[in-house]
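Now for the letters of each chain:
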Amino acid sequence: MAGGNERSMKALKEVWRRAENSLCADCGKPDPDWASSTLGVFICLSCSGIHRNIPSISKVKSLKMDQWDDAQVQFLAKHGNAVTKATYEAHIPIYYYQPTYNDCQVLREQWIRAKYERKEFTEPGKQLPYSDGVKEGILWKRGRDNGQFLPRKFLLSEREGCLKYFSKQDAKEPKISIKIDVINATFQPVKTGNPNGLQITYLKDNKTRNIFVYHESGKEVVDWFNAIRSVQFHYLKVAFPIASDNEIKNRLTRNFLKEGYMEKTGPKQREAFKKRWFTLDHRRLMYFKDPLDAFAKGEVFVGSRENGYSVQKGLPSGTQGNFSWHYGITIVTPDREYLFTCETETDQLDWIAAFTSVINQAMTPQEYASKCLDAVSFPS
């Protein structure tokens, strides 16, 4: 018996070492050490917890701590990540967001359930709840002034190229109508205090407006997210007919590069530093008094190194404003310097890395056109 177990573990390790099985089949995290004995995929610990919640589909075991019999090992050897993906990911729409291990729980769970439980991607041309160009339903929206989440009717229309929401379910005219090409959507469970919290961001009069919504159903809110991406994709295909599918895909919703608290001072650099919530959305650095504010209190354009932008660790000598955090950052632009402080050195280094990644990228023609935002200064 001991010899059989030893033989099985040796065979298991051989399958485990295959290059195709070096990343989690569901989120791409390196070195997965769990596997599904019924699906034949190698997965990470976090994704194994999601699989465990769908026991009718997937039985998971640890590759290090559990015993595997010969039949189970042979099943893994016959399948593995490449073969299983070829079945369950055969027909993923180009616009569908495939989460990584850095994404939130609801995105990863609905991706796994869409693949294995609902089998949404196994057949070509399958009608999906986010693919027909229109979506209507109720989302709980946070009030701009009172902060309460209340049910509101939302309507997404590919034909009209917009997303609307209505103050009342029977209202004929929308409270707001947002052009689909200026929308971004990101999941914000921590910020909203809801595991299904979604932040919808759009440009209004060249200013960023935030709407925070959620739905009790994780599937429903992820369907809304992918419906927005679907409508955006088809809208941009018409607007940019010579662009490739991948080029258009890269222009759909995007995660913020970094968010968090820093202290800032005003343009004279003699005012007291104030704690604010910052969001870096590629080249737009915005700050808010509260993370759930509808509008940013100020923003600045972060350009490229070739155009005179840089980020420096620390503050200029002789900085006069009072500050309680001591890990400084200076962003240098062609017009002025912006000064910030972070609470910890880790925060400081993370922000510097985020700014550096943007500054090191060459600017596109569209970004040159929006460079006028750099004139927006931070009020005190």
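Residues numbered from 1 in each chain as written. Predicted model: local features only at pLDDT ≥ 70, side-chain atom pairs only at ≥ 80, totals over all residues. Heavy atoms only, no water.

As annotated in an unreviewed UniProt entry, the protein is ADAP1 protein from Lophotis ruficrista. Looking at the protein in UniProt, the text filed under Subcellular location (unreviewed entry) is "Cytoplasm". (UniProt positions renumbered as here; feature names shortened; annotations may be inferred.)

Draft legend 1. Structural context of the pattern of salt bridges. One pass over the full model with this rule turns up 17 salt bridges. The salt bridge partner of D26 is K115, with a shortest N-O separation of 2.6 Å. Of this pair, D26 sits in the loop between α1 (2–16) and β1 (34–36) while K115 sits in helix α5 (residues 105–117), and the two are 89 residues apart along the sequence. D26 sits in the buried class, given a relative accessible area of 3%. Its salt-bridge partner being E109, residue R113 comes within 3.0 Å of it at the nearest N-O pair. Placement of the pair is R113 and E109 together in helix α5, with a separation of four residues, close to one helical turn. You'll find R113 and E109 in the same group, each marked buried. Taken together, the salt bridges that share partners define one network made up of D26, K85, E89 and K115. (Salt bridge = Lys/Arg side-chain N within 4 Å of Asp/Glu carboxyl O. Helix = DSSP H or I, 4+ residues; strand = E, 2+ residues; numbered from the N terminus. Buried < 20%, exposed > 50% of the residue type's maximum accessible area, 1.4 Å probe, protein only.)

Draft legend 2. Fine view of the pairing of strand β12 (residues 274–281). Among the eight residues that make up β12, six are buried, leaving the element largely enclosed by the rest of the structure. In this sheet, β12 lies alongside strand β11 (residues 258–264) in antiparallel orientation, the contact comprising seven bridges. Across the sheet, residue G260 finds its bridge partner in β12, namely F278. By the bridge criterion, five bridges tie β12 to strand β13 (residues 284–288) in an arrangement that is antiparallel. What sits directly across from F278, in β13, is Y287. Once β12 ends, the chain turns through two residues before running back antiparallel as β13, passing H282 with a positive phi of about 55°. (Pairing = 2+ DSSP bridges.)

Draft legend 3. Representation of the domain arrangement of the protein. Taken domain by domain, the protein comprises domain 1 (1–117), domain 2 (134–250) and domain 3 (258–376). Taken together, the contact between domain 1 and domain 2 spans eight residues of the former and 17 residues of the latter. Counting the surface lost from both domain 1 and domain 2, the interface buries some 1100 Å², and carbon and sulfur atoms represent 73% of this. When the buried area of domain 1 at its contact with domain 2 is split by residue, I94, Y95 and V106 rank highest and sum to 53% of it. If you look at where domain 1 meets domain 2, you find zero salt bridges. Remark: the boundary between domain 1 and domain 2 carries two residue pairs in polar contact (both at pLDDT 80 or more). Among the residues forming the side of domain 1 that touches domain 2, the class breakdown is seven nonpolar, one polar and no charged. (Domains from an automatic or database assignment. Contact = heavy atoms within 4.5 Å. Buried area = accessible area lost by both parts, 1.4 Å probe. Polar contact = N/O pair within 3.5 Å; in protein donor to acceptor, adjacent residues only side chain to side chain. Nonpolar A, V, L, I, M, F, W, Y, C, P; charged D, E, K, R; others polar.)

Draft legend 4. Helix α4 (residues 80–88), seen in detail. Residues G80, N81, T84 and Y88 constitute the buried set of α4. One side of α4 carries all its buried residues, which in axial view fall inside an arc of 115°. As for α4, its buried residues are in contact with β2 (42–43), α3 (70–78) and α5. (Arc of directions from axis to C-beta.)

Draft legend 5. Looking closely at the sheet that holds β12. Taken together, the seven strands give an open sheet; going across it, the order is β14-β13-β12-β11-β17-β16-β15, and neighbouring strands pair in antiparallel fashion. Here the strands that pair on one side only, and so sit at the sheet edges, are β14 (298–301) and β15 (310–313). Between one strand axis and the next, the sheet turns through 35° on average, direction left out of account. (Axes fitted to C-alpha atoms, helices over the stretch in contact; angles between N-to-C directions.)

Draft legend 6. View of the packing of α5 against helix α7 (residues 218–239). Relative orientation of the contacting elements α5 and α7 amounts to 90°, with a least axis distance of 10 Å. In terms of their interaxial angle, α5 and α7 are classed as roughly perpendicular. Residue-level contacts link V106, L107 and Q110 of α5 to G218, K219, V221, V222 and F225 of α7. A per-class count over the contact of α5 with α7 returns five nonpolar, two polar and one charged. (Parallel < 35°, antiparallel > 145°, perpendicular 65-115°, else oblique.)

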